[in-house]
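Residues per chain, in single letters:
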Amino acid sequence: MRLQGKTAIVTGAGSGFGAGIARRFVQEGARVILADINPAAAEAVAAEIGGIAVACNVADGASVAALAEAAKAAFGGAPDILVNNAGVTHLPGFMEEISEADFDRVLAVNAKSIYLMARAFAGEMKARRSGAILNIASTAGVSPRPKLSWYNASKGFVITATRAMAVELAPFGVRVNALNPVAGETPLLASFMGEDTPEMRAKFLSTIPLGRFSTPEDLANAALYLCSDEASMVTGVAMEVDGGRCI
Ligand SMILES: NC(=O)c1ccc[n+]([C@@H]2O[C@H](COP(=O)([O-])OP(=O)(O)OC[C@H]3O[C@@H](n4cnc5c(N)ncnc54)[C@H](O)[C@@H]3O)[C@@H](O)[C@H]2O)c1
């Protein structure tokens, strides 16, 4: 029960890494809001694990403000723990061929959302002089693969935003960290690969020294540590959960 008595919001918790993180947080005693643009997905996971589903588009200021209202109703205010996990990618393609609409969508969901969530919750965390924020970045922000340029760059933003937030919020007792997952067994994987074939999987796996994809459980274990009081001296890190891919 490493999160006993804590409250948390996990965005994009209707699927993949976010669902795994929310599940683990509930198992460890936290009360968790699962925020997702897909309400049916969030509700299904929430019903299974015992959380609270809230429909939210993290790229939209009004929708994030409504999420803050939902947190107020459920928890009395900002959560102790905020996991900015929701993310999307464009399909693989040469950088000059990615559409403006895809670029805008990726940057809005992956980058602007970090600002919108900070705008909604950081002030209250500062006033309370406690809180843990975790941003899900990617190995893509450290060691970019070709043809995912604007996704890679969006995750570079997440890593720098994490460090900027950490240094500014540290005097207020609020910690901010990031996780850099390598390609993982989630519905998003097919979008990164372009085509989900044994050959493409083998190509991705060949770049991961530990020889397997990451899993929601891998991310949940790392998220649990960084968001718990065990990491009370850890802020501003972007920790790889990547089987050695970035070595
Ligand atoms: N799976 C991988 O290979 C991998 C690798 C590195 C980093 N990541 C990152 O991990 C995070 C989670 O990815 P995943 O693989 O679990 O993806 P996923 O597609 O399985 O789940 C993402 C969830 O986010 C939700 N979502 C999408 N846009 C949203 C929005 N605007 N507002 C709220 N919710 C929204 C989706 O409905 C979905 O439930 C993302 O930030 C992704 O970039 C994934």
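Please refer to the structure placed before this passage.
This text gives an overview of the structure that appears in the document.

Definitions and limits used
- All residue numbers refer to position in the chain's written sequence, counted from 1.
- Residues qualify for local features only when their pLDDT is at least 70, as the model is predicted, and side-chain atom pairs are given and counted only at 80 or more; totals for whole chains, interfaces and linings, by contrast, use all residues.
- The side-chain values count all of the structure's non-hydrogen atoms but skip hydrogen atoms and water molecules.
- Proximity is defined per residue: any heavy atom of the residue falling within 4 Å of a molecule or strand makes that residue near it.
- Under the rule applied, a polar contact is a pair of N or O atoms within 3.5 Å (in protein, one hydrogen donor and one hydrogen acceptor; residues adjacent in sequence only if both atoms are side-chain atoms).
- The Shrake-Rupley method, run with a 1.4 Å probe sphere, supplies the accessible areas, and residue values consider only the shown protein chains as cover.
- Numbering of helices and strands runs from the N terminus; a helix is a DSSP stretch of H or I covering at least four residues, while a strand is a stretch of E covering at least two.
- We call Asp, Glu, Lys and Arg charged. Ala, Val, Leu, Ile, Met, Phe, Trp, Tyr, Cys and Pro are nonpolar, and the rest, Gly among them, are polar.
- In what follows, salt bridge is the name for a side-chain nitrogen of Lys or Arg lying within 4 Å of a carboxyl oxygen of Asp or Glu.
- To sort residues, take the accessible area from a 1.4 Å probe on protein chains only and compare it with the maximum for the residue type: under 20% means buried, over 50% means exposed, and anything in between is partly exposed.
- Here the nonpolar core consists of buried residues drawn from Ala, Val, Leu, Ile, Met, Phe, Trp, Tyr and Cys, with membership extended through side-chain atoms lying within 4.5 Å.
- The contact rule is simple, with two residues in contact once any of their heavy atoms fall within 4.5 Å.
- Any two strands between which DSSP finds at least two bridges are classified as paired.
- Lines fitted to C-alpha atoms define the axes, with helix axes restricted to the stretch in contact, and inter-axis angles between N-to-C directions lie between 0 and 180 degrees.
- Working definition: rings of Phe, Tyr and Trp (its six-membered ring) pair if their centres are within 6.5 Å, and the pair is stacked with planes under 30 degrees apart, edge-to-face with planes over 60 apart, and tilted otherwise.
- Either the NZ atom of lysine or the CZ atom of arginine qualifies as a charge over a ring when it sits within 6 Å of the ring centre and within 35 degrees of the ring normal.
- A helix's residues, less one, multiplied by 1.5 Å, set its expected span.

**Side note on the site of the ligand**
Piece 1. Taken together, 29 residues form the shell around the ligand, and within it Ser-15, Asp-36, Tyr-151, Gly-184 and Thr-186 come nearest.
Piece 2. A distance of 2.8 Å separates an oxygen atom of the ligand from a polar backbone atom of Phe-17.
Piece 3. A distance of 3.0 Å is found between a nitrogen atom of the ligand and a backbone nitrogen or oxygen belonging to Val-58.
Piece 4. Protein coverage of the free-state accessible area of the ligand, which is 830 Å², stands at 93%.
Piece 5. Among the secondary structure elements, those contributing two or more residues to the shell around the ligand are helix 1 (16-27) and helix 5 (149-169).
Piece 6. Residues belonging to the shell around the ligand are distributed by class as follows: 16 nonpolar, 11 polar and 2 charged.

**Some points on the pattern of salt bridges**
Piece 1. As enumerated under the stated definition, the model contains 9 salt bridges in all.
Piece 2. Between Arg-24 and Glu-28 there is a salt bridge whose closest N-O contact spans 3.1 Å. Glu-28 carries the same exposure label as Arg-24, and that label is buried.
Piece 3. Members of the salt-bridge network, linked through shared partners, are Glu-185, Asp-196 and Arg-201.

**Considerations on the nonpolar core**
Piece 1. One finds Ile-9, Ile-33, Leu-67, Leu-82, Phe-121 and Ile-133 to be the most contacted residues of the largest nonpolar core, which totals 32 residues.
Piece 2. Of all elements in the fold, only strand 2 (31-36), helix 3 (61-75), helix 4 (100-128), helix 5 and strand 6 (174-181) reach the threshold of two or more residues within this core.
Piece 3. With near-sequence residues (within four places) excluded, Ile-133 lies in contact with Leu-82, Asn-84, Met-125, Met-165, Leu-169, Val-174, Arg-175, Val-176 and Asn-177.
Piece 4. Grouped together as the second largest cluster of nonpolar side chains are 31 residues, Val-10, Ile-81, Leu-134 and Leu-179 included.

**Considerations on the sheet that holds strand 7 (residues 238-241)**
Piece 1. Spatially, the 7 strands line up as an open sheet ordered 3-2-1-4-5-6-7, and their pairing is parallel. Taken across any chain shown, the strands that pair with only one partner, and hence form the sheet edges, are strand 3 (52-55) and strand 7. Geometrically, the sheet is characterised by an average inter-axis angle of 20° between neighbouring strands, direction not taken into account.
Piece 2. With 4 bridges connecting them, strand 4 (residues 81-84) and strand 5 (residues 131-136) associate as parallel partners. Across the sheet, the residue bridging to Val-83 is Leu-134, located in strand 5.
Piece 3. Lying on the sheet, helix 4 is in contact with strand 1 (7-11), strand 4, strand 5 and strand 6; it crosses strand 4 at an angle near 170°.
Piece 4. The strands touched by helix 5 are strand 5, strand 6 and strand 7; relative to strand 6, the strand with the most contacts, the crossing angle is about 160°.

**Re unusual backbone geometry**
Piece 1. A positive phi angle, near 60°, is found at Arg-129, a position not held by glycine.
Piece 2. If you trace the backbone, Arg-129 turns up in the loop between helix 4 and strand 5.
Piece 3. Taking the relative accessible area as the measure of exposure, Arg-129 reaches 51% and is therefore exposed.

**Thoughts on the packing of aromatic side chains**
Piece 1. The tally for this structure, following the rule as stated, stands at 2 aromatic pairs.
Piece 2. Across from the ring centre of Phe-172, 4.6 Å away, lies the NZ or CZ of Lys-126, which sits over that ring.
Piece 3. Seen from the ring of Phe-204, Arg-145 lies directly overhead, with NZ or CZ sitting 4.1 Å from the centre.

**Looking at the environment of Ile-136**
Piece 1. Among the secondary structure elements, Ile-136 is positioned in strand 5.
Piece 2. Residue class for Ile-136 comes out buried when judged on its relative accessible area of 5%.
Piece 3. For the pair Ile-136 and Ala-46, spaced 90 residues apart in the sequence, the C-alpha separation amounts to 20 Å.
Piece 4. When neighbours within four sequence positions are excluded, Ile-136 is seen to be in contact with Ile-21, Val-83, Asn-84, Asn-85, Lys-155, Val-158, Leu-179 and Pro-181.

**Brief notes about helix 1**
Piece 1. In this model helix 1 runs 17 Å from its N-terminal to its C-terminal C-alpha over 12 residues, within 8% of the 16 Å that 1.5 Å per residue would give.
Piece 2. Helix 1 sits mainly inside the fold: 10 of its 12 residues count as buried.
Piece 3. Three or more residues of helix 1 are buried, namely Gly-16, Phe-17, Gly-18, Ala-19, Gly-20, Ile-21, Ala-22, Arg-24, Phe-25 and Val-26.
Piece 4. Just past helix 1, the residue Gly-29 takes up positive phi, approximately 105°.

**A short note on the side chain of Asn-135**
Piece 1. Looking at where Asn-135 falls in the secondary structure, it is placed in strand 5.
Piece 2. By relative accessible area, Asn-135 is classed as buried at 0%.
Piece 3. Beyond its immediate stretch of four places on either side in the chain, Asn-135 contacts Asn-84, Ile-114, Val-158, Thr-162, Met-165, Val-176, Asn-177, Ala-178 and Leu-179.

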